[in-house]
Amino acid sequence: RNWPSHGNIVVECASPPNRSLFEKTHKCHVVVVGSIVAKLIAQSTKQVGLASVFGMMLGFDGDEFYIQDREELIGSTFWQATFRSPDAVVMGVYTAAGKCLLNPGWGYRFQEGDQVIVLAEDDDAFAFPEERYFSNEDETSPKPSAARKQELREALMS
């Protein structure tokens, strides 16, 4: 009775053969953790420092992923949204149609009902003011500064 009418059920499934059982029993989104973890481990063996990046992104210390309605972004391009919040990394869009688009392309325009996907310290630790914190006349190819490139290199190598 008190369940949200538009709520989502997410089920963690440890055994891939049980996935279909959950899907048939309830209308839910099933996440098979074993296969996701296996893919992350395999990818980490190919890239030095990637395990550290995954740990930072998926752990509960530091920044976390958030999906939020942000009406102030409606009509903005993905490029514009990316450079309007110095306190969050804009990762993508969860569209009104229910599609997850990570890095949808600089020209993607936020529409009514879209939600922004960000990596941030806290869900209330960032904003999207009208004025960009970084300005580049060529919106098609923003270039990170040398200091930012070095910072990213160090994060990947640690």
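A quick note: this is a predicted structure, and the numbers were derived from the prediction, not measured.

A. Region of the structure containing the overall build of the protein chain. Assigned secondary structure in the protein chain consists of 5 helices and 6 strands. For the protein chain, the sequential pattern of α-helices and β-strands runs β-α-β-α-α-β-α-β-β-β-α. For the protein chain, buried positions account for 26% of its 158 residues. Across the protein chain, the fraction of contacts at a sequence separation of at least 24, relative to all contacts at a separation of at least 6, is 58%. Roughly 11,200 Å² of accessible area belongs to the protein chain as shown, and the carbon and sulfur atoms make up 55% of that amount.

B. Geometry of the side chain of Q68. Within the fold, Q68 resides in strand 3 (residues 64-69). Among the polar contacts made by the side chain of Q68, one reaches the side chain of R70 at a distance of 2.9 Å. The contacts of Q68, once residues within four sequence positions are left out, are Q115, V116, D123 and F126.

Cut-offs used in this document
Residues numbered from 1 in each chain as written. Predicted model: local features only at pLDDT ≥ 70, side-chain atom pairs only at ≥ 80, totals over all residues. Heavy atoms only, no water. Helix = DSSP H or I, 4+ residues; strand = E, 2+ residues; numbered from the N terminus. Buried < 20%, exposed > 50% of the residue type's maximum accessible area, 1.4 Å probe, protein only. Contact = heavy atoms within 4.5 Å. Areas by Shrake-Rupley, 256 points an atom, 1.4 Å probe, with all protein chains shown as cover. Polar contact = N/O pair within 3.5 Å; in protein donor to acceptor, adjacent residues only side chain to side chain.

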